[in-house]
Amino acid sequence: MKPDDFEKQLQRHPLRAVPGEWRGEILDAARRAGDHQLSTINPQPTSWWRELFWPCPQAWAGLAAVWGVILVLNLASRDSVQVAKTSKAAPAPELLIALREHRRLLTELIGSPAVVEPLTPFVPRPRSEISRPIVTVQIA
């Protein structure tokens, strides 16, 4: 069925009148619905935070919860770091002996510091050994 046929079929049907008792019920329901709806002109000023959080309050609440967890974890980890920094105990004698032994072995393996050659400065070189001839052309 084409849209034009449907419209012609609707035009052939006579319009029926709405029963009188329905009219009152419909108007009462419309008045009650209108009372609950906000008018377009709001006499009460809306606070800025309500306008900010209105689009998706669940997302903002979730973001606030994540920041709260990050803050708690940060504060919890900060206490242990401060305790570790403040407690400076003298190194154990065994540690000092092991460190001296390690240095002695290292100098024995490497040799004396006087034998070490001084570092030469880095000089950048061309990336390619290919020389490219420069050709000039004169137009007469």
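Residues numbered from 1 in each chain as written. Predicted model: local features only at pLDDT ≥ 70, side-chain atom pairs only at ≥ 80, totals over all residues. Heavy atoms only, no water.

## A short note on the overall build of the protein chain
Phase 1: Counting secondary structure elements, the protein chain contains five helices and zero strands.
Phase 2: The helix and strand sequence of the protein chain, counted from the amino end, reads α-α-α-α-α.
Phase 3: In the protein chain, which comprises 140 residues, the proportion classed as buried is 0%.
Phase 4: Carbon and sulfur atoms make up 64% of the accessible area of the protein chain, which totals about 15000 Å². (Helix = DSSP H or I, 4+ residues; strand = E, 2+ residues; numbered from the N terminus. Buried < 20%, exposed > 50% of the residue type's maximum accessible area, 1.4 Å probe, protein only. Areas by Shrake-Rupley, 256 points an atom, 1.4 Å probe, with all protein chains shown as cover.)

## Comments concerning a nonpolar patch on the surface
Phase 1: Residues Trp-48, Trp-49, Leu-52, Phe-53, Trp-60, Leu-63, Val-66, Trp-67 and Ile-70 make up a contiguous nonpolar surface patch of roughly 990 Å² in combined accessible area.
Phase 2: Elements with a contribution of two residues or more to the nonpolar patch: α3 (48-53) and α4 (57-86).
Phase 3: When residues in the nonpolar patch are grouped by element, the largest group, five residues, is from α4.
Phase 4: Within the element layout of this structure, Leu-63 appears in helix α4. (Patch = residues over 30% accessible without salt bridge, like charges linked within 9 Å, V, L, I, M, F, W, Y side chains within 5 Å. Salt bridge = Lys/Arg side-chain N within 4 Å of Asp/Glu carboxyl O.)

## Some thoughts on the pattern of salt bridges
Phase 1: Using the criterion set out here, one finds three salt bridges in the structure.
Phase 2: The salt bridge involving Arg-104 is made with Glu-101; its shortest N-O contact spans 2.5 Å. Of this pair, Arg-104 and Glu-101 both sit in helix α5 (residues 93-110), three residues apart, which is roughly one turn of that helix.
Phase 3: Look at the salt bridges and you will find they share partners, linking Glu-101, Arg-104 and Glu-108 into a network.

## Thoughts on α5
Turn by turn, an α-helix covers 3.6 residues, leaving residues three or four places apart pointing in a common direction.
Phase 1: Here α5 is 18 residues long and its end C-alpha atoms lie 26 Å apart, about the 26 Å a rise of 1.5 Å per residue gives.
Phase 2: With zero of 18 residues buried, α5 is to be regarded as a mostly surface element.
Phase 3: Gly-111, located one to two residues past α5, shows a positive phi value of around 110°. (Expected span 1.5 Å × (residues − 1).)

## Things to note about the confidence of the model for the protein chain
If pLDDT is low for a region, its predicted coordinates should not be looked at in detail.
Phase 1: Across the protein chain, the average pLDDT comes to 79, with 79% of residues at 70 or higher.
Phase 2: Looking across the protein chain, the model is least confident in α3, with a mean pLDDT of 73, and most confident in α5, with 89. (pLDDT = per-residue confidence, 0-100.)

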